[in-house]
Amino acid sequence: QVTLVESGGGLVQAGGSLRLSCAASGRTFSTYAMGWFRQAPGKEREFVTAISWSGTVRTYGDSVKGRFTISRDNAKNTVYLQMNSLKPEDTAVYYCVVGRDTRAYAATYDYWGQGTQVTVSS
């Protein structure tokens, strides 16, 4: 019922920045949270961040707190992830998600995008 399309991934040097975008389309019947998970090769999916419908609640994983910032534009059904001070360990496929709240659990989120690759070189 909801399709998510990520964009903005790419290759960046350590210390650099990237901005990811995720546009949601399709049928939504209520307000919803949006966020991001990531998965590096050989590792489990990791919660990155999420934001409530109003934007008043924002949660971040410990590994990205202070470096990444999530925001949303409800008029455009779009969520953004500004990533600064990138590190090689940030290299992963980043997945946009839509769900019921901003908890750091994958089961909270009902819809997942295809993912966009972020690669940070040393």
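As a reminder, the structure under discussion sits directly above these lines.
Quick look at the structure, then. Nothing here was measured: the structure is a model prediction, and the numbers come from that model. (Residues numbered from 1 in each chain as written. Predicted model: local features only at pLDDT ≥ 70, side-chain atom pairs only at ≥ 80, totals over all residues. Heavy atoms only, no water.)

1. Regarding the overall build of the protein
Phase 1 of the analysis: Scanning the protein from terminus to terminus reveals zero helices and eleven strands.
Phase 2 of the analysis: Order of helices (α) and strands (β) in the protein, N terminus to C terminus: β-β-β-β-β-β-β-β-β-β-β.
Phase 3 of the analysis: Compactness check: the protein gives a C-alpha radius of gyration of 13 Å against a globular reference of 14 Å for 122 residues, within 12% of the reference.
Phase 4 of the analysis: Summarising its shape, the C-alpha atoms of the protein cover approximately 45 × 25 × 25 Å along the three principal directions.
Phase 5 of the analysis: The buried share among the 122 residues of the protein stands at 43%.
Phase 6 of the analysis: Contacts in the protein between residues far apart in sequence, at least 24 positions, make up 54% of those at least 6 positions apart.
Phase 7 of the analysis: Accessible area for the protein stands at about 6,400 Å²; split by element, carbon and sulfur atoms hold 48% of it. (Helix = DSSP H or I, 4+ residues; strand = E, 2+ residues; numbered from the N terminus. Rg over C-alpha atoms; globule rule 2.2 N^0.38 Å. Buried < 20%, exposed > 50% of the residue type's maximum accessible area, 1.4 Å probe, protein only. Contact = heavy atoms within 4.5 Å. Areas by Shrake-Rupley, 256 points an atom, 1.4 Å probe, with all protein chains shown as cover.)

2. With respect to the pairing of strand β8 (residues 78-83)
Phase 1 of the analysis: With respect to burial, β8 is a largely interior element, five of its six residues being buried.
Phase 2 of the analysis: As defined by bridge partners, strand β3 (residues 18-26) adjoins β8 across six bridges and the pair is classed as antiparallel. The residue bridging Ala23 from the neighbouring strand is Thr78, located in β8.
Phase 3 of the analysis: Note: strand β7 (residues 68-73) against β8, six bridges, orientation antiparallel. From the neighbouring strand, Phe68 faces β8, where its bridge partner is Met83.
Phase 4 of the analysis: Once β7 ends, the chain turns through four residues before running back antiparallel as β8, passing Asn77 with a positive phi of about 50°. (Pairing = 2+ DSSP bridges.)

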